[in-house]
Amino acid sequence: MSLDPLRTICEDPLERKWVWLSLIMAFVMGGLLGFYALSSNIHPPSNVETIDSSRLHLSEEFAEDNLGVKRNDDGSLTVTLVAARYGFYPPRIEVPVDTPVTFRIASADVLHGVHVPFTNMATMIVPGYISEVTTTFPRTGEFSLLCNEYCGLGHDSMWSRLVVVPESAGGESS
Amino acid sequence: MLRLLVVLTGMALLIPTAGAGPSSAVAFDVATVKMLKAADPARGEALAKEGKCKKCHGDFGISDDPEDVNIAGMSTSYLYKQLKDYQEKNRDDRDMYKVTRELDEQQLADLAAWFAAQQPAQPAADRNMDPAVLQLVFRGDPERLIKACASCHGRDGRGGQFDHPALAGQYPEYLVYTMTEFKEGDRGNDIYSRMRVVAEALTEAEIEGLAAYYGMAVPKEEE
Ligand SMILES: [Cu+2]
């Protein structure tokens with residue numbers, strides 16, 4: 001133990017033990033992550049699609065009259081959203097419960113994030129790229145879309161509403 | 001199934017009607033930003049003389065009429081965007097359409113640069129400091145999805161980046177007028193409805209309170 005390289009920065013042997021323990025844990029977990037990422041060929045989330053953020057409102061997909069909720073042929077839904085300082089547009093969206101929803105989001109200015117607390121919907125919105133994430137909301141109710149990447153003075157008021165409404169499937173037919 | 005249909009119809013109604021087109025054709029891409037940086041205030045001054053801007057906007061961008069906007073000291077990018085929007089009828093005003101119709105983009109940028117270089121008007125000394133209004137200015141109202149005014153228009157109301165105008169030093173009448181236009185959908189050149197969303201949620205009394213906070217003192221009639 002006299003060869004302990006931590007000796008120069010830390011006197012207390014108990015403290016050194018804890019430092020070693022945390023270092024080993026960090027390396028083991030990092031190694032595991034690396035092993036799984038390499039062995040099962042995992043890539044960063046979603047697809048890589050680029051878009052010109054400065055001309056977003058003049059693009060086809062993120063044009064102002066193309067935003068919101070759309071139904072696809074297979075019954076799933078696509079939600080097209082724009083994140084811009086300081087909000088998500090359109091500011092209120094409604095989707096049915098237990099239905100696959102694909103969010104396609106682009107930033108009109110700087111780096112934003114989106115997170116819907118109490119669900120697993122979360123992604124980063126990087127300017128110049130389209131973020132895509134698919135999820136299903138298992139519970140009805142009112143949720144918030146929050147920005148979770150600091151984006152400027154109004155970051156703390158950057159949020160909008162997501163309403164998950166009941167769907168007839170699973171209930172009584174009407 | 002019927003309920004789902006009702007929900008989907010409801011969602012469709014929330015989306016602005018198709019065919020409306022973009023609310024503004026101006027985009028602050030590299031080319032536009034470069035053009036604005038290279039704009040020449042001296043050429044703008046000559047154009048302002050020629051176009052008789054002072055008839056409504058005063059000699060140096062501060063108007064005599066409290067219903068007109070004070071353009072002195074606003075950002076070049078904001079002024080350029082408004083001029084372009086008037087020209088393309090994305091912001092509706094007969095007079096402004098007539099004077100911008102014949103100008104090219106460089107000339108609009110030059111004009112914008114000249115007025116941006118003028119001394120802005122100051123807010124009134126006895127501005128409205130009602131706590132409810134200050135709350136809206138610095139905190140907003142998250143329940144109604146109202147952002148703090150200061151987050152986009154600056155903590156001093158001097159305006160933010162690109163298309164975020166200065167509010168401080170406008171006539172209260174003009175502020176009420178233009179916010180009411182946003183509220184009622186008569187003005188819609190704010191990209192992605194960013195201002196319309198806020199204005200729709202504000203009450204008329206709140207709009208007046210905010211105008212009295214940001215507004216400049218109205219000069220007394222000259223004897
Ligand atoms: Cu943000």
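Residues numbered from 1 in each chain as written. Chains lettered and ligands numbered in written order. Predicted model: local features only at pLDDT ≥ 70, side-chain atom pairs only at ≥ 80, totals over all residues. Heavy atoms only, no water.

With respect to the domain arrangement of chain A
The accessible area lost on association of the parts is a frequent measure of interface size. Each domain of chain A was delimited in the assignment, giving domain 1 (5-39) and domain 2 (49-173). Between the C-alpha centres of domain 1 of chain A and domain 2 of chain A the distance comes to 39 Å. (Domains from an automatic or database assignment.)

Details of the side chain of Q82(B)
Residues and elements named next belong to chain B. Topologically, Q82 is positioned in helix α5 (residues 76-87). Judged by its relative accessible area of 6%, Q82 is buried. Of note is the side chain of Q82, whose polar atom sits 2.9 Å from the side chain of R91. Filtering out sequence-adjacent residues up to four positions away, Q82 remains in contact with R91, R187 and N189. (Helix = DSSP H or I, 4+ residues; strand = E, 2+ residues; numbered from the N terminus. Buried < 20%, exposed > 50% of the residue type's maximum accessible area, 1.4 Å probe, protein only. Polar contact = N/O pair within 3.5 Å; in protein donor to acceptor, adjacent residues only side chain to side chain. Contact = heavy atoms within 4.5 Å.)

As for the packing of helix α3 (residues 41-50) of chain B against helix α7 (residues 105-116) of chain B
Residue and element names in this part refer to chain B. Put simply, α3 and α7 touch, their axes get as near as 7 Å, and they point 95 degrees apart. Between α3 and α7, the crossing angle belongs to the class labelled roughly perpendicular. Here P41, R43, G44, E45, L47 and A48 of α3 lie close against α7, whose contacting residues are Q106, Q107, D110, L111, A113, W114 and F115. When grouped by side-chain class, the residues that make up the contact of α3 with α7 number seven nonpolar, three polar and three charged. (Axes fitted to C-alpha atoms, helices over the stretch in contact; angles between N-to-C directions. Parallel < 35°, antiparallel > 145°, perpendicular 65-115°, else oblique. Nonpolar A, V, L, I, M, F, W, Y, C, P; charged D, E, K, R; others polar.)

Concerning the interface of chain A and chain B
Chain A puts 39 residues into the contact, and the matching count from chain B is 41 residues. Around 3,200 Å² of area is buried between chain A and chain B when both sides are counted, 59% of it from carbon and sulfur atoms. Its largest share of buried area at the contact with chain B, chain A owes to H57(A), E64(A) and D65(A), together 19% of the area lost on that side. Counting the contacts that link chain A with chain B gives one salt bridge. In this structure, R55(A) engages D29(B) in a salt bridge whose closest nitrogen and oxygen atoms are separated by 2.6 Å. One can count 12 residue pairs in polar contact (both at pLDDT 80 or more) joining chain A with chain B. (Buried area = accessible area lost by both parts, 1.4 Å probe. Salt bridge = Lys/Arg side-chain N within 4 Å of Asp/Glu carboxyl O.)

Focus on the coordination of the copper ion
All names here are of chain A. Of the protein atoms, only H112 (ND1), C147 (SG), C151 (SG) and M158 (SD) coordinate the copper ion, at distances of 2.1 to 2.4 Å. Each of the four donor atoms bound to the copper ion contributes to angles spanning 94 to 122 degrees, and the resulting shape is tetrahedral. Each donor residue of the copper ion belongs to the same chain, with the gaps between them written as H-x34-C-x3-C-x6-M. For the pair C151 and M158, a shared accessibility class is recorded, and that class is buried. (Donors = N, O, S within 2.8 Å, 3.2 Å for Na, K, Ca; no water. Tetrahedral: all angles 85-135°; square planar, octahedral: opposite > 155°, others 65-115°.)

A few points about empty space enclosed by the protein
All names here are of chain B. Using the criterion set out here, one finds three cavities of 30 Å³ or more in the structure. Its boundaries defined by the atoms lining it, the largest cavity holds a volume of some 560 Å³. The wall of the largest cavity is formed by 35 residues, among which H153, P165, L167, F182 and M195 lie closest to the centre. Its residues placed into classes, the lining of the largest cavity shows 21 nonpolar, seven polar and seven charged. Volume-wise, the second largest cavity comes out at about 50 Å³. Lining the second largest cavity are N70, A72, G73, M74, P120, A121, R158, A166, A168, G169 and Q170. Of the residues that constitute the lining of the second largest cavity, the class distribution is six nonpolar, four polar and one charged. (1 Å grid on protein atoms, 1.4 Å probe; cavity = no way out; pocket = protein on both sides within 12 Å on 5 of 7 lines; lining within 4 Å. Points joined across faces, edges and corners; volume = space filled by probe spheres on them.)

Some details on the side chain of S160(A)
Considering the arrangement of structural elements, one finds S160(A) in strand β10 (residues 159-165). Discounting residues that sit within four places of it in the chain, S160(A) has contacts with F88(A), P91(A), F143(A), S144(A), L145(A) and L145(B).

With respect to unusual backbone geometry
Here the residue pair R85(A) and Y86(A) is connected by a cis peptide bond, since its omega of 0 degrees sits within 30 degrees of zero. Here Y86(A) shows up in the loop between β2 (77-84) and β3 (87-89). The linkage connecting Y89(A) with the following residue, P90(A), adopts the cis geometry, with an omega of 0 degrees. By the element assignment, P90(A) lies in the loop between β3 and β4 (92-96). Positive phi values are uncommon outside glycine, yet F118(A) reaches one of about 70 degrees. Mapped onto the secondary structure, F118(A) falls in the loop between β6 (112-115) and β7 (122-125). Unlike most non-glycine residues, F162(B) shows phi in positive territory, near 50 degrees. As for its placement among the helices and strands, F162(B) is situated in the loop between α9 (149-153) and α10 (172-184).

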